[in-house]
Amino acid sequence: MSLTVYGAPLSPFVRKVRLCLAEKDLDYALEIILPFGQPAWYRELNPLGRIPALKDGDFSLADSSVICQYLEDSYPERKPLLGRNAEQRARVRWLEKYSDYELAPLCTFSVFRNRVLKPPMGQPCDETAVQATLTDKLPTHFAYLSQTLGTAEYFVGDSLTLADLAFACQMINMEHGGEQLDAQRWPNLAALYQRVKARPSVQALLPGEQKTVAKMAGKA
Ligand SMILES: N[C@@H](CCC(=O)N[C@@H](CS)C(=O)NCC(=O)O)C(=O)O
């Protein structure tokens, strides 16, 4: 087994794969590939030019969800993260997709991109767009996710799954962008986020990410 993840630590999708690997206690190497200006050879791993990609020996594939499902199928003796039966697996996939496709455009591509990525590149932060994201767009999604979680500790079943990791990955980018989940309004979601954030898998990555974000703010 020789696993290599291609990508950059601040990407929520790269982080999801790294957390999945860590929770499964699988060793891997990280090869830094930025989302833009990638070397030509990277297109062989992902013709769309997006991060992450994964190599397992000679086998390669792209897309964080596909990669995590591959890890689940390839290492069945490791901690399951996709649920324990058909119904749970479907729920996990739905909620993972929800975070990746509904939260990511807001938490990552609006709040994080505007506040963290744009300034060091000499581009202005569109604070009007960020405020619209925070006040008009995100609350509906948090309300749905909060209702879905209810009084449970995790989104699906009674243990951590990719649904929780995908959600936390978006919350981390939002937090890098200077915004917190409102714990008064969505106490159960905020508690879930803190629960996931406290895991050794997340704690192993966060300080490095926070350092990078602070450095980028210094350059802005
Ligand atoms: N559905 C993909 C999304 C990956 C993605 O959008 N990655 C961003 C970085 S966070 C990227 O590579 N953007 C560059 C681009 O779209 O050209 C996944 O889950 O891997």
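Residues numbered from 1 in each chain as written. Predicted model: local features only at pLDDT ≥ 70, side-chain atom pairs only at ≥ 80, totals over all residues. Heavy atoms only, no water.

Brief notes about the domain arrangement of the protein chain
Inference 1: Looking at the assigned domains, one finds that the protein chain contains domain 1 (3-74) and domain 2 (86-219).
Inference 2: Put simply, the middle of domain 1 and the middle of domain 2, counted by C-alpha atoms, are 20 Å apart.
Inference 3: Between domain 1 and domain 2, the contact holds 18 residues from the first and 26 residues from the second.
Inference 4: Taking both sides of the interface into account, the surface hidden between domain 1 and domain 2 amounts to around 1,800 Å²; carbon and sulfur atoms contribute 64%.
Inference 5: Counting across the interface, domain 1 meets domain 2 through five salt bridges.
Inference 6: Where E209 meets R15, a salt bridge forms, and the shortest distance between an N and an O atom there is 2.8 Å.
Inference 7: Contributing elements (two or more residues each) for the side of domain 1 that touches domain 2: α1 (12-23) and α3 (64-74).
Inference 8: No other element matches the nine residues that α1 contributes to the side of domain 1 that touches domain 2.
Inference 9: Classifying every residue of the side of domain 1 that touches domain 2 by side-chain character gives eight nonpolar, three polar and seven charged. (Domains from an automatic or database assignment. Contact = heavy atoms within 4.5 Å. Buried area = accessible area lost by both parts, 1.4 Å probe. Salt bridge = Lys/Arg side-chain N within 4 Å of Asp/Glu carboxyl O. Helix = DSSP H or I, 4+ residues; strand = E, 2+ residues; numbered from the N terminus. Nonpolar A, V, L, I, M, F, W, Y, C, P; charged D, E, K, R; others polar.)

Section: the state of the cysteines
Inference 1: Taken as a whole and judged by the stated rule, the model has zero disulfides.
Inference 2: With no disulfide of its own, C107 lies closest to C169 among cysteine sulfurs, the gap being 11 Å.
Inference 3: The exposure class of C107 is buried, given its relative accessible area of 0%.
Inference 4: Summary of cysteine pairing: C169 is not part of a disulfide, and the nearest cysteine sulfur, belonging to C68, is at 8.7 Å.
Inference 5: Since its relative accessible area comes to 1%, C169 is described here as buried. (Disulfide = S-S within 2.5 Å. Buried < 20%, exposed > 50% of the residue type's maximum accessible area, 1.4 Å probe, protein only.)

Considerations on the pairing of strand β3 (residues 53-56)
Inference 1: Sheet topology places strand β1 (residues 3-7) next to β3; four bridges connect them, and they run antiparallel. Residue pairing across strands places L3 opposite D56, the latter belonging to β3.
Inference 2: Bridge analysis of β3 against strand β4 (residues 59-62) gives four bridges, and the strand direction is antiparallel. When the bridges of β4 are listed, K55 appears paired with S60.
Inference 3: Hairpin connection between β3 and β4: a loop of two residues separates the two successive antiparallel strands, and G57 in this loop has a positive phi of roughly 65°. (Pairing = 2+ DSSP bridges.)

Some remarks on the packing of aromatic side chains
Inference 1: Inspection of the entire model under this criterion finds nine aromatic pairs.
Inference 2: Sitting over the ring of Y101, K97 keeps its end group 5.2 Å from the ring centre.
Inference 3: For the cation-ring pair, R195 lies above Y154, with the distance from its terminal atom to the ring centre recorded as 6.0 Å. (Phe/Tyr/Trp six-rings, centres within 6.5 Å; stacked < 30°, edge-to-face > 60°. Lys NZ or Arg CZ within 6 Å of the ring centre and 35° of its normal.)

Side note on the site of the ligand
Inference 1: Taken together, S11, P12, F13, P35, R50, I51, P52, D63, S64 and Y101 make up the full set of residues near the ligand.
Inference 2: Between the ligand and the protein, one listed contact pairs an oxygen atom with a side-chain N or O atom of S64 at 2.6 Å.
Inference 3: For the ligand, the protein covers 81% of the area, taking 510 Å² as the surface of the free molecule. (Near = heavy atom within 4 Å. Polar contact = N/O pair within 3.5 Å; in protein donor to acceptor, adjacent residues only side chain to side chain. Areas by Shrake-Rupley, 256 points an atom, 1.4 Å probe, with all protein chains shown as cover.)

Here's the deal with helix α4 (residues 86-117)
Inference 1: Taking 1.5 Å per residue as the helical rise, α4 with its 32 residues ought to reach 46 Å, whereas the 39 Å between its terminal C-alpha atoms falls clearly short.
Inference 2: Its axis deflected by about 65° at A104, α4 carries its strongest bend there, up to four residues before the proline P105. (Expected span 1.5 Å × (residues − 1). Bend = angle between axes of the 7 residues up to and from the residue.)

A closer look at the layout of surface pockets
Inference 1: Roughly 1,000 Å³ of volume is contained in the largest pocket.
Inference 2: Together, 34 residues line the largest pocket, and S11, F13, P35, I51 and F109 are the ones closest to its centre.
Inference 3: With eight residues, α4 is the single largest residue contributor to the lining of the largest pocket.
Inference 4: Each residue belonging to the lining of the largest pocket can be placed in one class, and the counts come to 20 nonpolar, eight polar and six charged.
Inference 5: The two domains that each donate at least three residues to the lining of the largest pocket are domain 1 (3-74) and domain 2 (86-219). (1 Å grid on protein atoms, 1.4 Å probe; cavity = no way out; pocket = protein on both sides within 12 Å on 5 of 7 lines; lining within 4 Å. Points joined across faces, edges and corners; volume = space filled by probe spheres on them.)

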